[in-house]
Amino acid sequence: MPSYKNQKCPVCNQEFKDGDDIVTCPICGTPHHRECYNKIGHCFNEDKHAQGYEFKKSNEVKSEEKASPADKSTPVSSYFSPQNSANEENGESAKSENAEHKSNTKKCVNCGEEINKNAPFCNKCGARQPMDNPSNSQSFIPNFNTGYEHSNLTIDGESAEDVAGVIKTNIPKFIDKFKSGKKFSWNWAGFIFGPYYLFFRKMYKEGSIFLALQLIVSLVAQGFYAKPYAKLMQFVSDNAAAISSGKLSSDLVSKFSTLYEKILPMMLIMTVANLVFHIIIALCSNNFYKATVIKKVKDVNQKIDEGGMLEQMMPFNNSAPLSQDDLKKLYLNKVGGTTFFAPVMAFCILDIITSIISQL
């Protein structure tokens, strides 16, 4: 392994010592403490790779500076302790040094410690810092074009871009529905799938309410026709073999028809009730969805206004610190959109509850 004696880790600005666990960037050769490298998740000089940057030891840099005294500029070598050694070596005035130092530093939002302006963390308290210029970071942002990035359109006081970020799919359709301001508009998916469509669009409260109503109607109807329904189920159980084989005698068919006719009103009540619920969902789901989307956007904006940083949305192995705007996009992207898991779980839970009640 090459010797890095008298060299400093660019992240923590501490000299390397014998026995330190050192990793070097495979592209530019910059050495880091392994812990420091894992902390920022990438090479400190990653933004310079495109320009062909190669790491050089400090003694090599000084030799080049002496050979080229006309070049008095130096990059900031550390996130945590900005250096002005090049200015000192070239004899710049203290005033110029202070001015450059201030231009490359900022104060920690948590403890007030002076740190590098591009630092993602404070070297004193460890708090994450907001990025003043997110355009310079190579952060991960979902490759998701809503079509409303530069739109001045607002819906209930919230930007169409944020609203579209929550919708994610069928954006133009829902934006048009939301803009119309109508309380009732038809939604075929809501009519066909009923409460499960509400779960699919992450309207968990509304979906739970309609499933509960369907269950209540079913239980009430079965309660009124409990005895004839029990007799029918007993008949089916006693004659399961004959029914499955399709070899029913005329007497069995006649008895089955008689029992079924007694519970026919119950089946009719349940069918009509479910149809009514599906129609209501079809007419109201767009308005329900608008309220849900606007609430999610407002909740995120309120959290940001109150000083929340939404750090919990930082993706793993992100190549650079994310700005507040980037975190907001990620957050809206996560809480919005659709889910197949929720309607499947709702169906399974309803089936389990129904099975348990039927055994009572």
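The paragraphs below set out a description of the structure included in this document. Since this is a predicted model, take the numbers as computed values, not measurements. (Residues numbered from 1 in each chain as written. Predicted model: local features only at pLDDT ≥ 70, side-chain atom pairs only at ≥ 80, totals over all residues. Heavy atoms only, no water.)

Before going further, it helps to spend a moment on the overall build of the protein. Scanning the protein from terminus to terminus reveals 14 helices and 6 strands. Taking all 360 residues of the protein together, 36% fall into the buried category. With an accessible surface of roughly 21500 Å², the protein has 56% of that area assigned to carbon and sulfur atoms. (Helix = DSSP H or I, 4+ residues; strand = E, 2+ residues; numbered from the N terminus. Buried < 20%, exposed > 50% of the residue type's maximum accessible area, 1.4 Å probe, protein only. Areas by Shrake-Rupley, 256 points an atom, 1.4 Å probe, with all protein chains shown as cover.)

Attention now moves to the nonpolar core. Counting 24 residues, the largest nonpolar core has Val163, Ile167, Ile175, Phe178, Tyr289 and Val293 as the members making the most contacts within it. Elements that contribute at least two residues to this core include exactly α5 (160-167), α6 (171-180), α8 (195-200) and α12 (250-305). Among the elements that line this core, the one with the most residues is α12, at 8 residues. For Ile167, the contacting residues outside a window of four places in its chain are Phe174, Ile175, Phe178, Arg201, Tyr289, Val293 and Gly337. Core analysis: the second largest hydrophobic core is formed by 8 residues, Tyr4, Val11, Phe16 and Ile40 among them. (Core = buried A, V, L, I, M, F, W, Y, C linked by side-chain atoms within 4.5 Å. Contact = heavy atoms within 4.5 Å.)

Another aspect to go through is the state of the cysteines. Under the defined criterion, the tally for this structure stands at 0 disulfides. Here Cys36 stays free of any disulfide, with the sulfur of Cys12 as its closest cysteine sulfur at 3.8 Å. Residue Cys36 is classed as buried on the basis of its relative accessible area, which comes to 12%. Left without a disulfide partner, Cys43 is nearest to the cysteine sulfur of Cys28, which lies 3.6 Å away. (Disulfide = S-S within 2.5 Å.)

Before going further, it helps to examine the packing of α6 against α12. Running from N to C, α6 and α12 point in directions that differ by 95°, and their axes come no closer than 10 Å. Classed by the angle they form, the pair α6 and α12 counts as roughly perpendicular. Across the interface between the two elements, Phe174, Lys177 and Phe178 from α6 touch Asn286, Tyr289, Lys290 and Val293 from α12. Of the residues in the contact of α6 with α12, the class split is 4 nonpolar, 1 polar and 2 charged. (Axes fitted to C-alpha atoms, helices over the stretch in contact; angles between N-to-C directions. Parallel < 35°, antiparallel > 145°, perpendicular 65-115°, else oblique. Nonpolar A, V, L, I, M, F, W, Y, C, P; charged D, E, K, R; others polar.)

The geometry of an aromatic ring pair comes down to the distance between the two centres and the angle between the two planes. Enumeration over the complete set of coordinates arrives at 14 aromatic pairs. With a centroid separation of 6.1 Å and an interplanar angle of 40°, the aromatic rings of Phe235 and Phe256 are classed as tilted. With Phe235 in helix α10 (residues 226-238) and Phe256 in helix α12, this residue pair connects regions lying 21 residues apart in the sequence. Note on Phe235: relative accessible area 6%, which makes it buried. Here Phe256 falls in the partly exposed class, since its relative accessible area comes to 33%. An aromatic cluster is built from Phe174, Phe178 and Tyr289, whose rings are joined through pairwise contacts. Lys48 extends its terminal NZ or CZ atom over the ring of Tyr53, reaching a point 5.1 Å from the ring centre. (Phe/Tyr/Trp six-rings, centres within 6.5 Å; stacked < 30°, edge-to-face > 60°. Lys NZ or Arg CZ within 6 Å of the ring centre and 35° of its normal.)

Geometric descriptors of this kind do not, in isolation, establish any biological role.
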